[in-house]
Structure formats: C-alpha cells, structure tokens
Amino acid sequence: MEFYGISGKANNLIKSYLQDRYQRVLVDLDLKKYYSKWKTVTDGIPQGSILGPLLFLLYVNDIPNVISHIYIYIYIYIYIYIYIYIYIYIYCCLITV
C-alpha cells in the first residue's frame, strides 16, 4: 500500500481489515443445519465491502506491467465491474427510499 502513497494510520487500518478473518460453510437441509469448521481466510476481500472495489482496482493495477498483452482486457473488466457496482448501489438506494 505504501507504493500507492497509503501509509500510517490508513495503511494500518486497511491491514487490520484484511487480517485475522475466518469463515465457515453452512448447509441447510430442511430442519437440520450442518456447519464446517472455522478456517482462516488468508486471501481476498470480504464480500459486500465498501473497500472491495478500491482494493480490487489496486490489486489489478499492476497486472499489465507483468503481462503486457492483457492490458486492454483488464481495463474492460474493471469498467464492467465498476458499472455493475454502481448500478447495484443505485438500485439498492432506490429500493430503500
């Protein structure tokens, strides 16, 4: 994150947001529920998070430097991702009004 100018308290906040996370699976069969054991999450970003799109953009920003021939496809994908995110956000806001 320091590479992008994010340091100090902001960097520590983002790091703490992505560390020490756990998840498990729930299977709901009629009247009985089955749970898996808790597992540590070491990669990824929590689904439905506000920081998710920003962290995703930071993550994929360097990919064209490593693999130059996918440059255009990455930005098309980012455009579609942002468009869908904004559309869902606006739609959810309209529903709750």
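These figures come from a predicted structure and were not determined experimentally. (Residues numbered from 1 in each chain as written. Predicted model: local features only at pLDDT ≥ 70, side-chain atom pairs only at ≥ 80, totals over all residues. Heavy atoms only, no water.)

J.: What is the right way to look at the environment of P53 in this model?
T.: For P53, the position within the fold is in helix α2 (residues 52-60). For P53, a relative accessible area of 13% corresponds to the buried category. Sequence-wise, P53 and I82 are 29 residues apart; in three dimensions their C-alpha atoms are separated by 7.4 Å. (Helix = DSSP H or I, 4+ residues; strand = E, 2+ residues; numbered from the N terminus. Buried < 20%, exposed > 50% of the residue type's maximum accessible area, 1.4 Å probe, protein only.)

J.: Even after reading the chapter, I still don't get the side chain of N11, so can you show me in this structure?
T.: Within the secondary structure, N11 sits in helix α1 (residues 8-18). Discounting chain neighbours no more than four positions away, the residues touching N11 are M1, E2 and I6. (Contact = heavy atoms within 4.5 Å.)

J.: Could you clarify how one ought to interpret the side chain of R21 in this entry?
T.: In this fold, R21 is placed in strand β1 (residues 21-23). One buried charged residue, R21, forms no salt bridge at all, with the nearest opposite charge on D43 at 7.3 Å. With residues near it in sequence (within four places) discarded, R21 still touches K39, T40, V41, D43, G44, I45 and P46. (Lys, Arg positive; Asp, Glu negative; His and termini not counted. Salt bridge = Lys/Arg side-chain N within 4 Å of Asp/Glu carboxyl O.)

J.: Explain the environment of I45 here, please?
T.: Inspection of the secondary structure assignment puts I45 in the loop between β4 (39-41) and α2. Look at I45 and you get partly exposed, because its relative accessible area is 30%. The spatial distance from the C-alpha of I45 to the C-alpha of R21 is 9.9 Å, given a sequence separation of 24 residues. Each residue touching I45, except ones within four places of it in the same chain, is listed here: L18, R21, G52, L55 and F56.

J.: Would you explain the pairing of strand β2 (residues 26-29) in this entry?
T.: Two elements, β2 and strand β3 (residues 32-35), share four bridges in a ladder whose sense is antiparallel. Note on β3: the bridge partner recorded for L29 is K32. Remark: two residues form the turn of the hairpin made by β2 and β3, two consecutive strands paired antiparallel; D30 in that turn has positive phi of roughly 50°. (Pairing = 2+ DSSP bridges.)

J.: What's the story with a nonpolar patch on the surface in this structure? I'm lost.
T.: On the surface, V25, V27, L29 and Y34 cluster together into a nonpolar patch covering about 360 Å² of accessible area. Tracing the chain through its elements places L29 in strand β2. For L29, a relative accessible area of 48% gives the class partly exposed. (Patch = residues over 30% accessible without salt bridge, like charges linked within 9 Å, V, L, I, M, F, W, Y side chains within 5 Å. Areas by Shrake-Rupley, 256 points an atom, 1.4 Å probe, with all protein chains shown as cover.)

J.: Help me out: how do you make sense of unusual backbone geometry in this one?
T.: Where the residue is not glycine, phi is negative for most of them; where a peptide bond is considered, it is trans in most cases. At D20, a residue that is not glycine, the phi angle is positive and equals roughly 55°. Examined against the element boundaries, D20 turns out to sit in the loop between α1 and β1. Owing to a relative accessible area of 68%, D20 belongs among the exposed residues under this scheme. With a phi close to 50°, D30 is a non-glycine residue in the positive phi region. Of note, D30 is situated in the loop between β2 and β3. Classification of D30 as exposed rests on a relative accessible area of 77%.

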